[in-house]
Amino acid sequence: MSDDRRDEKRVAAEPAPCRVVVCRDCCCGTPKVTGVDHERQLARLSEQVPVRVSACLDVCEHANVIVVQPSAAARAAGARPVWLGLVNDAEATADITDWVRAGGPGVAPCPDILDLYVFTPPRRTR
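This structure is a prediction, so every number in the text was calculated from the model and none was measured. All residue numbers here refer to positions counted from 1 along the written sequence of the relevant chain. Per-residue local features of the predicted model are confined to residues with pLDDT of at least 70, and side-chain atom pairs are confined, for both listing and counting, to 80 or more; whole-chain, interface and lining totals are unaffected and use all residues. The side-chain figures draw on all heavy atoms in the structure; neither hydrogens nor water molecules are used.

Visitor: Got a minute to help me understand the overall build of the protein in this structure?
Guide: Looking only at helices and strands, one finds four helices and four strands in the protein. Put simply, the protein has 126 residues, and 38% of those count as buried. A fraction of 68% describes how many contacts in the protein between residues 6 or more apart in sequence connect residues 24 or more apart. Areas reported here follow the Shrake-Rupley algorithm with a probe of radius 1.4 Å; residue values treat only the protein chains shown as occluding. When the accessible surface of the protein is totalled, it reaches about 7,300 Å², and 51% of it is carbon and sulfur. Secondary structure elements are taken from DSSP: a helix is a run of H or I of four residues or more, a strand is a run of E of two residues or more, and numbering for both begins at the N terminus. Three exposure classes are used, based on accessible area relative to the maximum for each residue type with a 1.4 Å probe and protein chains only: buried under 20%, partly exposed in between, and exposed over 50%. Any two residues having at least one pair of non-hydrogen atoms within 4.5 Å are treated as being in contact.

The structure is reproduced here in structure tokens:
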């Protein structure tokens, strides 16, 4: 078997890491949220952690919204996604990337400063 095929099998066998979902649609990531370099925010996240861009998450009153999803192992152990709203400054983005790189929900404690951004989405959104 070639080295490339072995690498593919190893990657496929690794559990899903902690990742972030970034809302970018009608409000999040648009000029409606002023004073934010939305492209730079997304680039900073993408440079450091696994990111998925989502259409509207239907919680526009919390724009910009980022959801930190636990790794597969942490999810199996009971960890749940953490919804963060009003993530409109570079420091909050840096705190999120640091937390995700440390393991995220169920692995590393959520930094106290991020408690300011945590919210519970309406039932229809979860």
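Visitor: Could you clarify how one ought to interpret helix H4 (residues 90–101) in this entry?
Guide: Residues spaced three or four apart along an α-helix point in a common direction, a consequence of the helix completing one turn every 3.6 residues. Helix span is expected to be 1.5 Å times the residue number reduced by one. For H4, spanning twelve residues, the distance from its first C-alpha to its last is 16 Å, which sits close to the expected 16 Å at 1.5 Å a residue. Inspection of H4 places Ala-92, Thr-93, Ile-96, Thr-97, Trp-99 and Val-100 among the buried residues, and these make up the whole buried set. The arc that holds the buried residues of H4, viewed along the axis, is 160°, so those residues lie on one side. Summarising the geometry of H4, the exposed residues directed more than 90 degrees from the buried face are Glu-91 and Arg-101. Residues of H4 that are buried in the fold lie against strand E1 (19–23), helix H2 (38–48), strand E3 (66–69) and strand E4 (82–84). Any pair of nitrogen or oxygen atoms within 3.5 Å is treated as a polar contact; in protein, a donor-acceptor pairing is required on top of that, and neighbouring residues in sequence qualify only through side-chain atoms on both sides. The N-cap residue of H4 is Asp-89: its side-chain oxygen and the backbone nitrogen of Glu-91 are 3.2 Å apart. Working note: the arc is built from the helix axis to C-beta atom directions.

Visitor: Just checking my understanding: could you explain the nonpolar core for this structure?
Guide: One broad trend across soluble globular proteins is that nonpolar side chains are buried collectively. For this analysis, a nonpolar core means a set of buried residues of the types Ala, Val, Leu, Ile, Met, Phe, Trp, Tyr and Cys, connected via side-chain atoms within 4.5 Å. In this structure, Val-20, Ile-66, Val-68, Leu-84, Val-87, Ile-96 and Val-100 are the most contacted members of the largest nonpolar core, which totals 17 residues. Within the residue set of this core, elements represented by two or more residues are E1, E3, E4 and H4. Element by element, the count of residues in this core is highest for H4, at four residues. Setting aside anything within four residues of it in sequence, one finds Val-87 in contact with Gln-41, Asn-64, Ile-66, Ala-92, Thr-93, Ile-96 and Tyr-117.

Visitor: Just to check I follow, could you spell out the side chain of Ser-71 for this structure?
Guide: Among the structural elements, Ser-71 can be located in the loop between E3 and helix H3 (72–76). On the basis of relative accessibility, which here comes to 13%, the residue Ser-71 falls in the buried class. Among the polar contacts made by the side chain of Ser-71, one reaches the main-chain amide nitrogen of Ala-74 at a distance of 3.1 Å. Among all residues touching Ser-71, those that are not within four sequence positions of it are Ala-16, Pro-17, Cys-18 and Val-107.

Visitor: What exactly am I supposed to notice about the environment of Val-65 here?
Guide: By the secondary structure assignment, Val-65 is in the loop between strand E2 (51–54) and E3. The spacing of Val-65 and Cys-23 is 42 residues in sequence and 5.6 Å in space, taken between C-alpha atoms. Beyond its immediate chain neighbours, meaning those up to four positions away, Val-65 contacts Val-21, Val-22, Cys-23, Cys-28, Leu-57, Val-59, Trp-83, Leu-84 and Phe-119.

Visitor: Before we go on, may I ask you to explain the side chain of His-38 in this structure?
Guide: Its place among the elements puts His-38 in helix H2. With a relative accessible area of 11%, His-38 lands in the buried category. In this structure the side chain of His-38 is engaged in a polar contact, spanning 3.0 Å, whose partner is the backbone oxygen of Val-33. Dropping the residues within four chain positions of it, His-38 is found in contact with Arg-24, Gly-29, Thr-30, Val-33 and Asn-64.

These values are about where atoms sit, not about what they do.
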